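Chain residues, written in single-letter form:
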Amino acid sequence: MAGATHDTDLAAGYKEALEKAITEVIRPDAGQVDARGEFPSRGLDALAKAGILGLASAQEVGGAGHSLRTAASVIERLAMECGSTAMVTLMHYAATAVIEAHGPREIRSAISRGEHLTTLAFSEYGSRSHFWSPVGTANRGDDTTVRLDAKKSWVTSADHADSYVWSSRPVSAEGAMTLWLVPAKTPGLVVAGPFDGLGLRGNGSRPMSAENLRVPADAQMAGDGAGLDVALTTALPWFLVLNSAFCLGLAESAVEEARRHLTVTRLRHTGAVLRDAPVTRRDFARLRVRTDALRALLDDTLAARENEREDAIFRVLEIKAFAGEVAAEVTDGAMQLCGGGAFRKELGLERTFRDSRAARVMAPTTDALYDFVGRLYTGMPLMDEGNR
Ligand SMILES: Cc1cc2nc3c(=O)[nH]c(=O)nc-3n(C[C@H](O)[C@H](O)[C@H](O)COP(=O)(O)OP(=O)(O)OC[C@H]3O[C@@H](n4cnc5c(N)ncnc54)[C@H](O)[C@@H]3O)c2cc1C
């Protein structure tokens with residue numbers, strides 16, 4: 001496939017730049033980002049400079065026009081080093097997909113140059129993880145403006161993003177949702193609380209509220225009431241696949257740490273290393289096989305989309321449910337295999353373990369995804385009308 005070859009060629013250049021950003025900034029900063037709950041600004045600057053933040057932007061606006069597959073490989077690699085940086089980047093790519101399809105050209109160009117960080121502001125206190133049913137409102141202001149009011153419960157990169165892809169109830173149309181591009185400096189947009197999380201402590205997922213916030217009417221992306229379709233068909237595939245790549249990176253990093261620990265740790269009184277115990281080898285192999293299974297399913301999900309296979313929608317929904325479980329199980333198993341050393345911070349494994357708890361509760365949550373998959377396989381609609 002010509003497109004795939006082109007993408008692979010371009011990806012090679014980015015790989016080198018990505019590794020440089022990781023080695024020089026992201027890896028050295030990762031411990032401090034976690035310990036202090038600091039937003040990884042230096043890492044993001046390095047990624048911007050390396051062209052990684054503009055990687056998913058179209059070539060027509062100066063971007064690299066990379067595929068979801070390349071973006072997934074970037075997120076996997078980042079998650080192996082710093083979960084917070086990976087999460088900020090993945091939310092940026094998911095929001096970029098919406099802006100690429102429905103946003104203004106100048107913002108698309110700024111993203112392509114790495115000068116504009118964006119994110120999704122979907123989840124609300126009112127409808128919690130059911131982001132498909134926003135309760136925040138959009139009302140006509142005067143002829144040229146719209147008033148937004150909402151209480152968003154979690155927004156990654158809050159206070160650091162340059163714009164927010166924002167969901168609300170429609171202004172007047174039928175439908176569940178309308179999407180807006182809200183610039184960070186809009187009066188009435190407030191970061192409404194801190195973030196002191198178990199894991200991903202630097203991703204800055206803070207609550208935000210809009211109080212009498214005015215945006216120009218043309219900040220609307222797609223039509224009034226068309227937001228849910230855009231969220232499901234444009235934002236969601238990127239979010240679900242990249243979140244799965246994020247889980248894969250965490251799992252790979254935990255398995256590698258377990259492999260290293262079992263291979264080098266010796267019991268002086270017997271001379272045996274930990275891998276000499278068959279039960280330990282079996283437990284390690286289980287983690288390796290789970291991680292390989294996730295990689296294979298992620299690869300198949302990407303292939304299903306690239307080849308426009310009929311089962312692509314199933315794969316895209318399945319993959320994050322599976323990935324969230326694998327990341328949680330594998331990091332837990334690696335903690336057990338690495339013993340007391342893992343309980344202390346010296347191996348870095350406990351950070352990966354804590355970071356891995358997030359994916360299952362990021363919406364659509366694992367529960368919601370299994371429900372969606374069960375519905376589609378049994379001939380039901382994805383959601384009941386009443387639940388929207
Ligand atoms: C690190 C992190 C970063 C985030 N970043 C963003 C972001 O950038 N933008 C954004 O919009 N959101 C973001 N979120 C929010 C996320 O997408 C979810 O909305 C949020 O985690 C849901 O938490 P909650 O307590 O509101 O869940 P609740 O909705 O209260 O759910 C609690 C539990 O109940 C389950 N549950 C809920 N309803 C049902 C049901 N009908 N059937 C069965 N089980 C059900 C859920 O699966 C979950 O396990 C982030 C979350 C985290 C943890």
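Residues numbered from 1 in each chain as written. Predicted model: local features only at pLDDT ≥ 70, side-chain atom pairs only at ≥ 80, totals over all residues. Heavy atoms only, no water.

Caption draft 1: Just the overall build of the protein chain, in detail. Secondary structure assignment for the protein chain yields ten helices and eight strands. Its C-alpha radius of gyration of 21 Å places the protein chain within 12% of the 21 Å reference for a compact globule of 388 residues. Its C-alpha atoms give the protein chain principal-axis dimensions of about 80 × 50 × 45 Å. By the burial criterion, 56% of the 388 residues in the protein chain qualify as buried. Excluding contacts between residues fewer than 6 apart, the proportion of contacts in the protein chain whose partners are at least 24 apart in sequence is 73%. Surface accessibility of the protein chain: about 17000 Å² in total, with carbon and sulfur atoms responsible for 52%. In the protein chain, the 44 positive side-chain charges and the 50 negative ones have mean positions that sit 6 Å from each other. (Helix = DSSP H or I, 4+ residues; strand = E, 2+ residues; numbered from the N terminus. Rg over C-alpha atoms; globule rule 2.2 N^0.38 Å. Buried < 20%, exposed > 50% of the residue type's maximum accessible area, 1.4 Å probe, protein only. Contact = heavy atoms within 4.5 Å. Areas by Shrake-Rupley, 256 points an atom, 1.4 Å probe, with all protein chains shown as cover. Lys, Arg positive; Asp, Glu negative; His and termini not counted. Charge placed at Lys NZ, Arg CZ, Asp CG, Glu CD.)

Caption draft 2: Here's a closer look at the sheet that holds strand 2 (residues 137–140). Reading across from one edge, 2-3-7-6 is the order of the four strands in this open sheet, with antiparallel pairing throughout. With partners counted over all chains shown, the strands left at the sheet margins are strand 2 and strand 6 (189–191), one partner each. If you compare each strand with its neighbour and ignore which way they point, the axes differ by 10° on average. Examined bridge by bridge, strand 2 and strand 3 (residues 145–155) share four bridges and lie antiparallel to one another. Bridging across to strand 3, Asn139 finds its partner in Arg147. (Pairing = 2+ DSSP bridges. Axes fitted to C-alpha atoms, helices over the stretch in contact; angles between N-to-C directions.)

Caption draft 3: Structural context of the site of the ligand. Close contacts around the ligand come from 20 residues, with Arg128, Ser129, Val361, Thr365 and Asp367 the closest. At 2.7 Å from an oxygen atom of the ligand is found a main-chain nitrogen or oxygen belonging to Ser123. At 2.6 Å from an oxygen atom of the ligand is found a side-chain nitrogen or oxygen belonging to Thr365. The element that contributes the greatest number of residues to the shell around the ligand is strand 1 (residues 118–121), accounting for three residues. Class assignment for the residues of the shell around the ligand results in ten nonpolar, eight polar and two charged. (Near = heavy atom within 4 Å. Polar contact = N/O pair within 3.5 Å; in protein donor to acceptor, adjacent residues only side chain to side chain. Nonpolar A, V, L, I, M, F, W, Y, C, P; charged D, E, K, R; others polar.)

Caption draft 4: Fine view of the packing of helix 4 (residues 83–102) against helix 5 (residues 105–112). At a minimum axis distance of 10 Å, the contact between helix 4 and helix 5 shows a crossing angle of 145°. Helix 5 is crossed by helix 4, and the crossing has left-handed handedness. Contact residues: helix 4 offers His92, Thr96, Ile99 and Glu100, while helix 5 offers Ile107, Arg108 and Ile111. Residue classes in the contact of helix 4 with helix 5 are distributed as three nonpolar, two polar and two charged. (Left-handed = near helix turned anticlockwise from the far one by under 90°.)

Caption draft 5: Just the environment of Ala217, in detail. Checked against the element boundaries, Ala217 lands in the loop between strand 7 (206–216) and strand 8 (220–221). Between the C-alpha atoms of Ala217 and Thr145, which are 72 residues apart in sequence, the distance is 4.9 Å. In this structure, Ala217 is in contact with Thr144, Thr145, Val146 and Trp180, ignoring residues within four places of it in sequence.

Caption draft 6: Layout of the nonpolar core. Grouped together as the largest cluster of nonpolar side chains are 104 residues, with contacts concentrated most on Tyr93, Val165, Trp238, Leu242 and Phe246. The element contributing the most residues to this core is helix 6 (residues 227–264), with 21 residues. Beyond its immediate chain neighbours, meaning those up to four positions away, Leu242 contacts Leu68, Ala71, Ala72, Ile75, Leu90 and Tyr93. Counting 18 residues, the second-largest nonpolar core is a separate cluster that includes Ala138, Trp166, Ala210 and Ala219. (Core = buried A, V, L, I, M, F, W, Y, C linked by side-chain atoms within 4.5 Å.)

Caption draft 7: Just the pattern of salt bridges, in detail. With the rule as written, the count across this model stands at 34 salt bridges. Taken together, the salt bridges that share partners define one network made up of Glu76, Glu252, Arg288, Asp292 and Arg295. (Salt bridge = Lys/Arg side-chain N within 4 Å of Asp/Glu carboxyl O.)

Caption draft 8: Quick peek at the side chain of Ser153. With respect to the helices and strands, Ser153 occurs in strand 3. A polar side-chain atom of Ser153 sits 3.5 Å from the main-chain amide nitrogen of Glu124.

Caption draft 9: Structural detail: the side chain of Thr145. Within the secondary structure layout, Thr145 lies in strand 3. For Thr145, a relative accessible area of 17% corresponds to the buried category. Apart from residues lying up to four places away in sequence, Thr145 is in contact with Arg140, Arg214, Val215, Pro216 and Ala217.

Caption draft 10: View of the pairing of strand 5 (residues 178–183). With five of six residues buried, strand 5 is to be regarded as a mostly interior element. As paired strands, strand 4 (residues 163–168) and strand 5 are joined by six bridges and run antiparallel to one another. Across the sheet, Val165 pairs through a bridge with Leu181, a residue of strand 5.

Caption draft 11: Seen up close, the sheet that holds strand 1. Spatial ordering of the open sheet is given by 1-4-5-8, a layout of four strands whose pairing is mixed. The open sheet terminates on both sides in strands that have one partner only, identified here as strand 1 and strand 8.

Caption draft 12: Up close: the packing of helix 3 (residues 68–81) against helix 4. Remark: helix 3 packs on helix 4, axes separated minimally by 6 Å, with the N-to-C direction vectors making an angle of 160°. In terms of orientation, helix 3 lies roughly antiparallel with respect to helix 4. Residue-level contacts link Ala71, Val74, Ile75, Leu78, Ala79 and Glu81 of helix 3 to Gly83, Thr85, Ala86, Thr89, Leu90 and Tyr93 of helix 4. (Parallel < 35°, antiparallel > 145°, perpendicular 65-115°, else oblique.)

Caption draft 13: Looking closely at unusual backbone geometry. In this chain, Ala363 is followed by Pro364 through a cis amide linkage whose omega measures 0°. One can find Pro364 in the loop between helix 9 (349–355) and helix 10 (366–377). The backbone of Asp159 shows a phi angle near 80°, a positive value even though the residue is not glycine. Positionally, Asp159 belongs in the loop between strand 3 and strand 4. One non-glycine residue, Ala222, lies in positive phi territory at about 65°.

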